[in-house]
Amino acid sequence: ASKEKSGTTLKAFLETCKETGEKPFPEDDTIFDYAEKVGIDNEMMAVAWAEFKARLLPTAKRQKDWRAHFRNAVRRNWYSLWFLKEGEAARWTTAGEQARRAAA
């Protein structure tokens, strides 16, 4: 017996946000505090979101909480967009620079 998957697709989540006038990530979301603390700048966050959408919008993948899923993508650097060195802000990797140019 197959059980029905719970959650929604990223496309449906974004459509719901648009319909309700809600931002996918409110300005007070904890991911922004995390990014600031570790040195990930706003451009890197925007590129991470663009890459996340590029990879997941075309899929039927379902999540109960897309915000939490994206937070995990940033915290774990799933797409290897940046690297960190002691005492420095995050810097682009080759994959990150490529994604940055594609998102521009």
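Everything numeric in this text was worked out from a predicted model, so none of it was measured. (Residues numbered from 1 in each chain as written. Predicted model: local features only at pLDDT ≥ 70, side-chain atom pairs only at ≥ 80, totals over all residues. Heavy atoms only, no water.)

1. A word on the overall build of the protein
Part 1 of the argument: Within the protein, the regular secondary structure consists of 5 helices and 4 strands.
Part 2 of the argument: Along the protein, helices (α) and strands (β) appear in the sequence β-α-α-α-β-α-β-β-α when read from the amino end.
Part 3 of the argument: Taken along the three principal axes of its C-alpha coordinates, the protein extends 50 × 30 × 25 Å.
Part 4 of the argument: Taking all 104 residues of the protein together, the buried fraction comes to 33%. (Helix = DSSP H or I, 4+ residues; strand = E, 2+ residues; numbered from the N terminus. Buried < 20%, exposed > 50% of the residue type's maximum accessible area, 1.4 Å probe, protein only.)

2. Topic: the nonpolar core
Part 1 of the argument: Judged by nonpolar contacts, the single largest core of 24 residues is most densely connected at Leu10, Ile40, Phe52, Phe70, Val74 and Trp82.
Part 2 of the argument: Elements supplying a minimum of two residues to this core: α1 (10-20), α2 (30-38), α3 (42-56) and α4 (66-75).
Part 3 of the argument: Tallying contributions element by element places α3 first for this core, with 7 residues.
Part 4 of the argument: Excluding its chain neighbours within four sequence positions, the residues that come into contact with tryptophan 82 are Ile40, Met44, Ala48, Val74, Asn77, Ala90, Arg91, Trp92 and Thr93. (Core = buried A, V, L, I, M, F, W, Y, C linked by side-chain atoms within 4.5 Å. Contact = heavy atoms within 4.5 Å.)

3. Observations concerning unusual backbone geometry
Part 1 of the argument: Backbone geometry at asparagine 77 places phi at a positive 50 degrees, although glycine is not the residue there.
Part 2 of the argument: On the secondary structure map, asparagine 77 appears in the loop between α4 and β3 (82-83).

4. Here's the deal with α1
Part 1 of the argument: Considered for burial, the residues of α1 that qualify are Leu10, Phe13, Leu14 and Cys17. Relative to the axis of α1, the buried residues are bounded by an arc of 95 degrees and lie together on one face. Exposed positions of α1 whose direction lies more than 90 degrees from the buried face are Lys11 and Glu19.
Part 2 of the argument: Looking at the packing, one finds that the buried side of α1 touches β1 (8-9), α3 and α4.
Part 3 of the argument: Glycine 21 occupies a position one or two residues after α1 and carries a positive phi of about 75 degrees. (Arc of directions from axis to C-beta.)

5. What about the environment of glutamate 43?
Part 1 of the argument: Inspection of the secondary structure assignment puts glutamate 43 in helix α3.
Part 2 of the argument: For glutamate 43, a relative accessible area of 39% corresponds to the partly exposed category.
Part 3 of the argument: Residues glutamate 43 and arginine 100 lie 57 residues apart in sequence; the distance between their C-alpha atoms is 8.3 Å.
Part 4 of the argument: If near-sequence neighbours (up to four positions away) are discounted, glutamate 43 is found in contact with Trp92 and Arg100.

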